[in-house]
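Coordinate analysis (summary)
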Amino acid sequence: KYPQARFFRYEPFGRDNVRAGLKSFFGRDHVALLPQLHRATRVLSLDCDFLGMDRVGGNAVQGFSSARRADRYDAADAARPWKVRGPDEMMRLYVLESGFTVTGGMADHRGRLPASQIKNAALWIASKLGIETGAAPNEATLNVEWLEAMVEDLKAAGSSAAVLAGSAHDAELHALTAAINSSLGALGNTIKILDARVYPDETEYGSVADFSGSLE
């Protein structure tokens, strides 16, 4: 009916950086990652307030609460289905953040770090996992002892680990976070890969600058 219609979008706290980072890592559009926190035993938040303001998809609060229970349900044991979780089965939460958040308040281990250094920390983590990034982290600004213990814990958890990055950070950090999750084996387990096609196609949306130009 309106063949010349154009769509424009502006979100002050949008997820364009997330989409761009995932496109960079996966090499295609329309990819979204959905955390499956109920399956996770080790979680690292890179300035991601997934229990508060960050929209990571799904019911992160429910998944987090389920993974923090002291017991678990075993449907295979009809006589005694509820089992006490072992120390490696309960979720341990690490948080690196620039300001105090709901998620930081729930952390087992919380590290304070300026927002400008979050990507530097992710580069350091990636280097310890053998990921080639083409950039060297600056250890002088990091608490290396804290990071070393955390990375060893993530590596031990393997596919039961998950790393989440805050939506306010740039596309490079989100691509780096996807690479870290891939290296750990989290993609497809604690991080579900979705086809996030929408209509109109997100690539058809114009920016605020495009909208302004169209009025001239």
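Right above here is the structure, for reference.
Quick caveat, the model's predicted, so the values are computed rather than measured.

1. A look at the overall build of the protein chain
Counting secondary structure elements, the protein chain contains seven helices and 10 strands. Projected onto the principal axes, the alpha-carbon positions of the protein chain cover approximately 70 × 50 × 30 Å. Across the 216 residues of the protein chain, 41% fall into the buried class. Summed over its atoms, the accessible surface of the protein chain is roughly 12000 Å², and 51% of this surface lies on carbon and sulfur atoms. Computed over 24 positive and 27 negative side-chain charges, the inter-centroid distance for the protein chain is 5 Å.

2. Quick look at the environment of K128
Summarising the element assignment, K128 is placed in helix α4 (residues 118–128). For the pair K128 and L147, spaced 19 residues apart in the sequence, the C-alpha separation amounts to 9.9 Å. With residues up to four places along the chain from it excluded, the contact list for K128 reads V151 and K155.

3. Looking at the side chain of S45
Here S45 is to be found in strand β3 (residues 42–46). Discounting residues that sit within four places of it in the chain, S45 has contacts with F50, Y94, V95, L96, T103 and L164.

What counts and how
Residues numbered from 1 in each chain as written. Predicted model: local features only at pLDDT ≥ 70, side-chain atom pairs only at ≥ 80, totals over all residues. Heavy atoms only, no water. Helix = DSSP H or I, 4+ residues; strand = E, 2+ residues; numbered from the N terminus. Buried < 20%, exposed > 50% of the residue type's maximum accessible area, 1.4 Å probe, protein only. Areas by Shrake-Rupley, 256 points an atom, 1.4 Å probe, with all protein chains shown as cover. Lys, Arg positive; Asp, Glu negative; His and termini not counted. Charge placed at Lys NZ, Arg CZ, Asp CG, Glu CD. Contact = heavy atoms within 4.5 Å.

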